[in-house]
Amino acid sequence: MDSRHGKVRLKVESDRLSNLPNDLIHKILSFIDVKYAIRTSALSSRWRYIWTSMPCLNFSSEGFHSLPEFSKFVTRVLSTRNNKTEVHYVKLAFCGKASEAFVKRILKYAFSHNVQQLDVTCLPGKKGYHEDLCESPLSVFSSQSLKNLTMSGYGYRHFIMFPPTWYLPALTTLNLLCVAMNYDDTTDKCAGLLSNCANLKNLTLNNCRIPGGQSKDLHLCHLGLSNLTLEDGGYNAVYVDTPQLKKFTIINWPGIRLVSAPNLASLRYKDDTNNYFGNPLKVSSDLLHLEKVDICIQCSHECKDYAQDIVRLLQQLRSVKFLTLNLELLKLLVSSVELISDQPSPFTDLKSLKIYPADITKPEVTMSTEVKNFLLDSSHGATFTPVSYEVRAVRNVASAENLMRKLQVLLDKWTENSEINTTDMEQDKAPMESQTATMHEQVEVENERAFPDTKIKWHFGERMTHIESYWEGLNEQYEKGYENTGHTISMLREIKVILTKLPASYRDKLEGRFSGLCVEAETIMDNVMDCMKIKCGKTPHRSNVSSHELVTSPQRSS
């Protein structure tokens, strides 16, 4: 009876899965790699061909032993897919050069099937930062349907040649991350980046570089751009001429010249590099529609020229209604109070002023009467909200705890995978050694008896197949271990930075857990290294990894 009930329940659940509408199934499959989406065809006859009509394609070379293997897979998928179905979204992540044939094949297929969103990520190859420079094929493609484009490079080894010949009239969102923007000596400016994107509304440049040092400038000119983000850029001058710009975010990118943005409503300006470049944001025209401004500047130097630039910037933001400043900026003003003591408050429409500490480990800053008058004298009805060091500390504690939880999940998963790999290695070790001895004996006997060469080649062929399979598995483990190590160390360093900014009373409560995570991470990485060395026939030994220094308690700030 129980057995029959079990079969009925299984059948009902199977029917539920099969009865899902195609749109919902396609949505579910869009979150996974195409390779795994294809495997769902084995679930039932209902699912057999569903993947062929997926409007979202997610390709990644990470699960393949070589690029030629990945290229063959891409060719099979595109040739088998229902050619009448349009492609709405394509995500491609790959190692190697952007000039690979499969990259162009995927892009050509996507554009010919009216793709609307494209996300291309160049993963680090075996040479890492020593990969050869390679131009992105996106520089020369055109599409009437593409609305959203994201391109992520690695180590600036992939670049867009200026001016790009792409023609993307429907594009509304463009995101470039870690991409070099090259142009030859005959090109004066980089205005061509946006010239063929008439409907562009949102632009993000994150960690982008223009080779050539400070002699190369970037000109961003667009009539319809409404949202612009510039983050972690090079030290080139950037000229922004965008009449319809509504929201502007600048994070650690010096040399910005806001030539024209008369409709700007929101400005976020952050520079926490603690270095004085002498090149802060400069505004060339009045910003009469400003609603919200958030400025966070940390400067370790008490430079009069820099302070004067900041005072001038604040005066040009006089129409702002909601202003947020960090205490470290006020300290800069206090150190150069003579610059504002005789100046009237520029903020005549201010409704709210919020002051907060960007670094809660530094001594508290007291806002002098001159600074307070400069900020509030012309707006008597404005509310003044100082965010205490205590509130900031609580927020940082929450951030540290959240990161620790994520790191623990990563370490647990890594440990589980490592244990599985170790078990497999032990099970394979004896048969492999036995097979090796047997193979040597067979070859010797065959040589002595003068068997035909074909038989000798046949046995060597079996051995070579086994060796190739062995090294492919080893390479996959290496790449996964390298990736996990990078993520782990990155998270540990991020947590350490937060802890060093906490007051001692809060830091002491988290140091024990943090030290435990460091020790656990180092143990896992040592075990992985030992397994790799055993597979390579080397003697395991413990090595100091870069997380070792993190095991010690975070140094207290004075």
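As the structure is a computational prediction, the values presented were derived from the model and not from experiment. (Residues numbered from 1 in each chain as written. Predicted model: local features only at pLDDT ≥ 70, side-chain atom pairs only at ≥ 80, totals over all residues. Heavy atoms only, no water.)

Some points on the overall build of the protein chain
Here's step 1: Looking only at helices and strands, the protein chain features 13 helices and 20 strands.
Here's step 2: The buried share of the protein chain, taken over its 558 residues, is 44%.
Here's step 3: Surface summary for the protein chain: the accessible area is close to 29,200 Å², and the carbon and sulfur share equals 52%. (Helix = DSSP H or I, 4+ residues; strand = E, 2+ residues; numbered from the N terminus. Buried < 20%, exposed > 50% of the residue type's maximum accessible area, 1.4 Å probe, protein only. Areas by Shrake-Rupley, 256 points an atom, 1.4 Å probe, with all protein chains shown as cover.)

Section: a nonpolar patch on the surface
Here's step 1: Side chains of F31, I32 and Y36 sit close together on the surface and give an oily, nonpolar patch of about 320 Å² of accessible area.
Here's step 2: Structurally, Y36 can be placed in helix α3 (residues 34-39). (Patch = residues over 30% accessible without salt bridge, like charges linked within 9 Å, V, L, I, M, F, W, Y side chains within 5 Å. Salt bridge = Lys/Arg side-chain N within 4 Å of Asp/Glu carboxyl O.)

Some thoughts on the pattern of salt bridges
Here's step 1: The final tally for this structure, using the stated rule, is 4 salt bridges.
Here's step 2: Two residues, R312 and D309, come together in a salt bridge whose shortest N-O distance is 3.0 Å. A residue pair is termed a helical-turn pair when its members lie 3 or 4 positions apart in one helix, as R312 and D309 do in helix α7 (residues 304-316) at 3 residues.
Here's step 3: Between R507 and E511 there is a salt bridge, with its nearest N and O atoms 3.8 Å apart.

Remarks on α7
Here's step 1: Compared with an ideal rise of 1.5 Å per residue, which puts 13 residues at 18 Å, α7 spans 18 Å between its outermost C-alpha atoms and is within 8% of the ideal.
Here's step 2: Check the buried side of α7 and you find it contacts β15 (266-271), β16 (282-283), β17 (292-297), β18 (322-326), α8 (327-335) and α9 (369-376). (Expected span 1.5 Å × (residues − 1). Contact = heavy atoms within 4.5 Å.)

Here we look at the sheet that holds β16
Here's step 1: Pairing is parallel across the open sheet formed by 4 strands, whose spatial order is β10-β12-β14-β16. Two strands bound the open sheet, and with one partner strand each, they are β10 (218-221) and β16.
Here's step 2: Strand direction decides the pairing type here: strand β14 (residues 256-260) and β16, joined by 2 bridges, are parallel. Bridging from a neighbouring strand, L258 pairs with V283 of β16. (Pairing = 2+ DSSP bridges.)

Comments concerning the packing of aromatic side chains
Here's step 1: Applying the stated rule across the entire model yields 4 aromatic pairs.
Here's step 2: Between F64 and F73 the ring centres are 5.0 Å apart and the planes differ by 45°, which places this aromatic pair in the tilted class.
Here's step 3: Among the aromatic side chains, those forming a connected cluster through ring pairs are F64, F70, F73, F94 and F102.
Here's step 4: The ring of F64 carries K35 above its face, with NZ or CZ at 4.9 Å from the centroid. (Phe/Tyr/Trp six-rings, centres within 6.5 Å; stacked < 30°, edge-to-face > 60°. Lys NZ or Arg CZ within 6 Å of the ring centre and 35° of its normal.)

Observations regarding the environment of M367
Here's step 1: Take M367: it is sitting in the loop between β19 (352-356) and α9.
Here's step 2: Among all residues touching M367, those that are not within four sequence positions of it are L330, K372, L375 and F384.

Side note on a positive patch on the surface
Here's step 1: A cluster of like positive charges, contributed by K247, K292, K354 and R395, occupies part of the molecular surface.
Here's step 2: Checked against the element boundaries, K247 lands in strand β13 (residues 247-251). (Lys, Arg positive; Asp, Glu negative; His and termini not counted. Charge placed at Lys NZ, Arg CZ, Asp CG, Glu CD.)

Observations concerning the packing of helix α4 (residues 67-80) against helix α5 (residues 101-112)
Here's step 1: Contact geometry for α4 and α5: axes closest at 10 Å, N-to-C directions at 20°. As far as their axial angle goes, α5 and α4 are roughly parallel. Regarding α4 and α5, the two cross each other, and that crossing is left-handed. Note on element contacts: α5 touches α4 through F102, R105, I106 and Y109, opposite L67, F70, S71, V74, T75 and L78.
Here's step 2: Broken down by class, the residue content of the contact of α4 with α5 amounts to 7 nonpolar, 2 polar and 1 charged. (Axes fitted to C-alpha atoms, helices over the stretch in contact; angles between N-to-C directions. Parallel < 35°, antiparallel > 145°, perpendicular 65-115°, else oblique. Left-handed = near helix turned anticlockwise from the far one by under 90°. Nonpolar A, V, L, I, M, F, W, Y, C, P; charged D, E, K, R; others polar.)

Describing the pairing of strand β2 (residues 89-94)
Here's step 1: Judged by how many residues are buried, β2 sits mostly within the fold: 5 of 6 residues are covered.
Here's step 2: Pairing analysis gives 5 bridges linking strand β1 (residues 56-60) to β2, with the strands arranged parallel. Bridge pairing in β2 places S60 opposite A93.
Here's step 3: The β-α-β motif built from β1, the intervening α4 and the parallel element β2 has right-handed crossover chirality.
Here's step 4: Here β2 pairs with strand β3 (residues 117-122) via 6 bridges, running parallel. From the neighbouring strand, L92 faces β3, where its bridge partner is V120. (Right-handed = clockwise from strand over helix to strand, strands pointing away.)

Considering the pairing of strand β12 (residues 238-241)
Here's step 1: Covered by surrounding structure in β12 are V238 and V240 only, the residues Y239 and D241 on the alternate face being uncovered.
Here's step 2: Bridging between β12 and β14 involves 4 bridges; their strand directions are parallel. Within the sheet, the bridge partner assigned to V240 lies in β14 and is L258.

Observations concerning the confidence of the model for the protein chain
It should be kept in mind that the predicted coordinates are not to be read in detail where pLDDT is low.
Here's step 1: Per-residue pLDDT for the protein chain has a mean of 75; in total, 68% of the residues score no lower than 70.
Here's step 2: Across residues 8-13, confidence stays below pLDDT 50; counting only partners more than four residues off in sequence or on other chains, it has 0 contacts.
Here's step 3: This stretch, residues 540-558, has a pLDDT under 50; its non-local contacts, to residues over four places away or in other chains, come to 49 contacts. (pLDDT = per-residue confidence, 0-100.)

As for unusual backbone geometry
Here's step 1: Despite not being glycine, N207 has its phi angle at roughly 60°, a positive value.
Here's step 2: Assignment of secondary structure puts N207 in the loop between β9 (202-206) and β10.
Here's step 3: Here the phi dihedral of N252 falls at roughly 50°; this positive angle occurs in a residue that is not glycine.
Here's step 4: Since its relative accessible area comes to 16%, N252 is described here as buried.

Thoughts on the nonpolar core
Here's step 1: Counting residues in each nonpolar core, the largest one holds 100 residues, and the members touching the most others are F59 and F248.
Here's step 2: Residue contributions to this core peak at 7 residues, all from α5.
Here's step 3: Counting 24 residues, the second-largest nonpolar core is a separate cluster that includes I489, Y506, L510 and L517. (Core = buried A, V, L, I, M, F, W, Y, C linked by side-chain atoms within 4.5 Å.)

A short note on the packing of α7 against α8
Here's step 1: Two elements in contact, α7 and α8, have axes whose closest approach is 10 Å; the angle formed by their N-to-C orientations is 115°. The angle between the axes of α7 and α8 places the two elements in the roughly perpendicular class. As for how α7 packs across α8, the hand of that crossing is left-handed. Counted together, K304, Y306, A307, I310, V311 and L314 of α7 and L329, L332, L333 and S335 of α8 form the full contact between these two elements.
Here's step 2: Per-class residue counts for the contact of α7 with α8 are 8 nonpolar, 1 polar and 1 charged.

Focus on the environment of H219
Here's step 1: Following the sequence through the fold, H219 ends up in strand β10.
Here's step 2: Accessibility expressed as a relative area gives 15% for H219, which makes it buried.
Here's step 3: Between the alpha carbons of H219 and L193 there is a distance of 8.8 Å; along the sequence they are 26 residues apart.

Notes on the state of the cysteines
Here's step 1: Overall, the coordinates contain 0 disulfides when judged by the stated rule.
Here's step 2: The closest cysteine sulfur to the non-disulfide-bonded C208 is located on C178, 7.6 Å from its own sulfur. (Disulfide = S-S within 2.5 Å.)

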